[in-house]
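Observations on the three-dimensional arrangement
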Amino acid sequence: MNIHQLTKGNESLHKRKQLSKLSTLLLVIFLLIPNLAFAETSNTTAAPITESTKISQGVHYEYTNTTINNDAQAFRQLIVDLNDPFTTVDVSYPTPLNKLTTTTSQANAYTALGQQVAGAVNGSFFWGSDQGYLPMYLIAYRDRLMNAGIIASGRDQYVNQPIAFGIDSTGKGKIDSYNLSLSFNHNGQDYPITSTDKHRSNDNLILYTPLYPKPTTETNALGIELVLEGVTGGTALNFGETVTGKVMKIRERNNPTASTIPKDGFVLSAHGEAMQLIKDIGIGETISITANIDEKWKGASFMLTSGPELVKEGKVNLGIDPNSDRATERAPRTAIAIDKTGTKVFMVTVDGRQSGYSRGQNMKEFAEYLVSIGAYQALNLDGGGSTTMAVRKPGDFNVSLFNKPSDGRERSVSTALFAVSKAPAGTPTTVGAHLSKPGVYLKGTKGSVLVDYVMDNFYNPVTFNKADVKLSSPQGLITVNGLEFTAQKAGAGAITAQYSGATASIPFEVVESIHTVQPSSPSFEVRKNGSTTLTVKAFDAKNREVIFDPALVKWSAPASIGTITAAGVFTAASKEGTGVVTATLGGKTVSIPVTITGDYSSVDKMESLDNWTATATNGKATLSMNSDKEPAFEGNGSLKLTYDFTGTSGTSAAYLDATNPVSLAGTPVKISARVYGDAGNTWLRGRIQDGQGKEYVVDFTPENGLKWLGWNYVTAAIPAGATGNLSLKQIYIAQPTDSLKTKGSIRIDDLKSVFANSYKEALFKDTGLTFRAEGEITALVNDGVIAGFADGRFGPYEELTRQQAAILLARALKLPLDNVTDPGFEDMAPTMTFYKEVAAVANYGIIQGKEKGKKFDPNGKLTRAEMAAILQRGFKLPLSDKNHFTDSNGSFAKDAINSLAYNNITQGIGGGKYGPAQNISRADFSVFLHRTMAIK
């Protein structure tokens, strides 16, 4: 009888994916549901290959990072040529059956002399903890049934058809349907067995074998169990063979003690309707067990069931409901595929859930990609956090993890598929070697060659002694001492590394002199009495970096700022100051500005992306440098973090991750940064690590506190418990509130460690800490009311325009900008920038038009009288019955001017005057607006 006679139950797939209830069809042959076929071929064009490496004589690895449908996708594939006599594919199955191990561990445990794993991917699905982590689907190995598994009945399930991948009796890859028969015979009558070694569900008849990882069946008292012992022929269920045993024990219904599985036998465990099949069998009676498979699968080296089917006969052909959640989810995925001849096997992964790097694909997209690379048949394997690609690096004996799992680490899985090289040891033919310092070398400079590996003609790693590797240069460019050398003669050529007939040729060039010298950093800062090591770079006439002996650099520094050693170690003086350190190399001298600081230390001036990457949770994030139209606050560069949280639920975050944690130069009291905000109302935070390895989250703003547009100076206090040498691991923005999610970008510049709580910096380049309006401007910036200019200036004395005033009033009063009524100004079209702000203040009667309301005059300068009028109207300030100024009589804004004086917002310009006709500056307006907001 057919094995696909399944049960009802609530068993859950690992990763909390629930299977639908299964129907018991004990005596009915499984009916295959027709696949949903897509007649059209894939529209996906194979993307350019980013990386390509031959791993063994018959295995090739390729990596492709591309954009498909506006999503970044990272694909990896192993192409296995089964025509190669030394190449095959094999499977790893768990022993015991509930054992979960990483794909790399399974591959490296399999590797031995004569069977080297060149690459591997994770295998099929397994149950979660509630079902004991057992494999879910069929595993057969060397014509032996290892796990019968199940086939799900719903079209929304991954595996709802009996389709397996394997290597058939001819040595070719096969992806095809199968018919597994598993039955017992009693008194000449055959009866179907539901499955082997799984948790018993409703109406199941389960055969428990010695492969089951527990000593008992672990079943409840609601069934009947027959214990068979002394099985002739052993307990292996080889296809086409029958084994026989005697019933030695019977566990009756309502007996709470689960049956012990004998080492030389089986337990037949029945529930519900299946109990009818064994209830009349008594102790001492003989039972035979038979497992069989289709003739087309006989002699296969292994079979592994998974699903759904993705490609059939070269076309997209989904064996799952394409509208189901499992099919439409964009996730990491793994697939196994073959070409039309079965001689080429593709092991393919796509990473996912990592915005900016790889989003992942839905089933149809993944199938289309498989068609584009030549798949004729393809089967989905376990995916999500289980997706794993492991590859043997040239010269390595073991495989390494190559993809980026969505969990951030490799997940333990049940089964794995291996691309295997069975080539014998051969003759050394290839040496992998490189310069310890790549570049053009200055004559007389010492260097060394690092030998990475030696491989034979079958790509097997060769154990070698590095002392036996010999260096030479056909052009006589070097003198040699083991793997070290000295650049001896100017010219272009190569260094040859040779081992037992195998060679590597390393391009090499020597120059006679240096053309220019540059400091590694254009300037540097160091705290009082602190030390740092300075370095310089050298370039030839073609502007190529030149490698040189650091001892050739001559350093000098004035005593007023500190001392410097011959090795470039600078120690700062004990007081703050500035000066210049000089470096001379090859007759070229360069000056390096130095600043001695007391209360802070520069952490990162954000001039490069070298140490930073972007990731996201519940959203997208990308990282770039500022453009030419986006000036940095300091220097030339700032890091731009672009994010999109729209359409997501749960807390979203966009991370700026330090590849190597950034030293904070000790234990500061806070971190500071310049941040160009987008008024996105996000939460700006950071993650630090202390000297004991403990991590802390720090806040640059409160929740939803990034309200400003433009540059701002922000700080994050270091928690009191953080001690030792601190480092910065991450800066990020977060948004926990779904209704506030948006998209935008921020820029980050000039990170510092601050060691004194009293240390502050001016908000803008053209204002200072003692500037009369610094406090008011800072408060308005933090509240998102006013902003400086893109280059870091505020322009305090620039005169305010009427449009700028409208913008500030709209923000300060939080006027609604949606569906504003057109005020009809001839000089303000709805398509103009900030039209909505102007319309809003006009609709509320705060700023009135000119020429009887025909024009707004957006670029007209705002007078002090107009300022008084709009503040009084906007904030509904109480009026005064007293005239406070001698020059306000006759002004249209007399009452408003007196209102400002009455409410202590202005004291005039002196001499009893207000100056109503004078234009208002940005600084003065900031002061008046802040005072007005404070009393309201």
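Located above this text is the structure these notes cover.
Quick notes on the rules
Residues numbered from 1 in each chain as written. Predicted model: local features only at pLDDT ≥ 70, side-chain atom pairs only at ≥ 80, totals over all residues. Heavy atoms only, no water. Salt bridge = Lys/Arg side-chain N within 4 Å of Asp/Glu carboxyl O. Buried < 20%, exposed > 50% of the residue type's maximum accessible area, 1.4 Å probe, protein only. Helix = DSSP H or I, 4+ residues; strand = E, 2+ residues; numbered from the N terminus. Pairing = 2+ DSSP bridges. Polar contact = N/O pair within 3.5 Å; in protein donor to acceptor, adjacent residues only side chain to side chain. Axes fitted to C-alpha atoms, helices over the stretch in contact; angles between N-to-C directions. Parallel < 35°, antiparallel > 145°, perpendicular 65-115°, else oblique. Left-handed = near helix turned anticlockwise from the far one by under 90°. Contact = heavy atoms within 4.5 Å. Nonpolar A, V, L, I, M, F, W, Y, C, P; charged D, E, K, R; others polar.

1. Things to note about the pattern of salt bridges
- The full count for this structure, using the stated rule, is 31 salt bridges.
- A salt bridge links Lys 298 to Glu 295; the nearest nitrogen and oxygen atoms lie 3.8 Å apart.
- A relative accessible area of 24% places Lys 298 in the partly exposed class.
- Look at Glu 295 and you get exposed, because its relative accessible area is 62%.
- Put simply, Lys 640 and Glu 630 hold a salt bridge, and the shortest N to O gap is 2.8 Å. With Lys 640 in strand β54 (residues 639–644) and Glu 630 in the loop between β53 (620–625) and β54, the pair connects residues that are 10 residues apart, well separated along the chain.
- Under the relative-accessibility criterion, Lys 640 is labelled buried at 18%.
- In this structure, a network of salt bridges that share partners links the residues Arg 674, Asp 750, Lys 752 and Glu 761.

2. Notes on the sheet that holds strand β19 (residues 237–238)
- Within the open sheet, the 6 strands sit side by side as β13-β12-β23-β10-β11-β19. Their pairing is antiparallel. Edge positions in the sheet fall to β13 (173–177) and β19, since each has one partner strand and no second.

3. Focus: the side chain of Arg 411
- Along the chain, Arg 411 falls in the loop between β30 (399–401) and β31 (412–413).
- A residue is classified by how much of its surface remains accessible, and Arg 411, at 17% relative accessible area, is buried.
- Only 2.9 Å separates the side chain of Arg 411 from the side chain of Asp 407, close enough to count as a polar contact.

4. Side note on the packing of helix α5 (residues 802–812) against helix α7 (residues 864–875)
- In the contact formed by α5 and α7, the axes pass within 11 Å of each other and the chain directions differ by 20°. Considering their axes alone, α5 and α7 lie roughly parallel with respect to each other. The crossing of α5 and α7 is right-handed. Facing Arg 802, Ala 805, Leu 809 and Ala 812 of α5, the residues of α7 in contact are Glu 866, Ile 870 and Phe 875.
- Looking at the contact of α5 with α7 residue by residue, the class counts come to 5 nonpolar, no polar and 2 charged.

5. Topic: unusual backbone geometry
- Cis geometry marks the peptide bond from Thr 95 to Pro 96, where omega comes out at 0°.
- Cis geometry is adopted by the peptide bond preceding Pro 308, which originates at Gly 307 and carries an omega value of 5°.
- Note on placement: Pro 308 falls in the loop between β23 (302–305) and β24 (309–312).
- Although it is not a glycine, Asn 69 sits at a positive phi angle of roughly 50°.
- Position of Asn 69 relative to the elements: it lies in the loop between β5 (59–68) and β6 (71–81).
- A relative accessible area of 55% means that Asn 69 is categorised as exposed.
- Positive phi outside glycine occurs at Asn 187, with the angle close to 55°.
- Relative to the assigned elements, Asn 187 resides in the loop between β14 (181–186) and β15 (189–192).
- On the basis of relative accessible area, Asn 187 is assigned to the exposed category, the value being 67%.

6. Considering the packing of α7 against helix α8 (residues 894–902)
- Packing of α7 against α8 brings their axes to within 8 Å, and their N-to-C directions diverge by 75°. As far as their axial angle goes, α8 and α7 are roughly perpendicular. Between α7, through Ala 865, Met 867, Ala 868, Ala 869, Leu 871 and Gln 872, and α8, the contact on the second element is made entirely by Ala 896, Ile 897, Ser 899 and Leu 900.
- Classifying every residue of the contact of α7 with α8 gives 8 nonpolar, 2 polar and no charged.

7. Here we look at the environment of Thr 622
- For Thr 622, the position within the fold is in strand β53.
- When the C-alpha positions of Thr 622 and Gly 374 are compared, they lie 32 Å apart, and in sequence the two are 248 residues distant.
- With residues near it in sequence (within four places) discarded, Thr 622 still touches Gly 356, Ala 614, Lys 640, Leu 641 and Thr 642.

Structural measurements only, silent on function.
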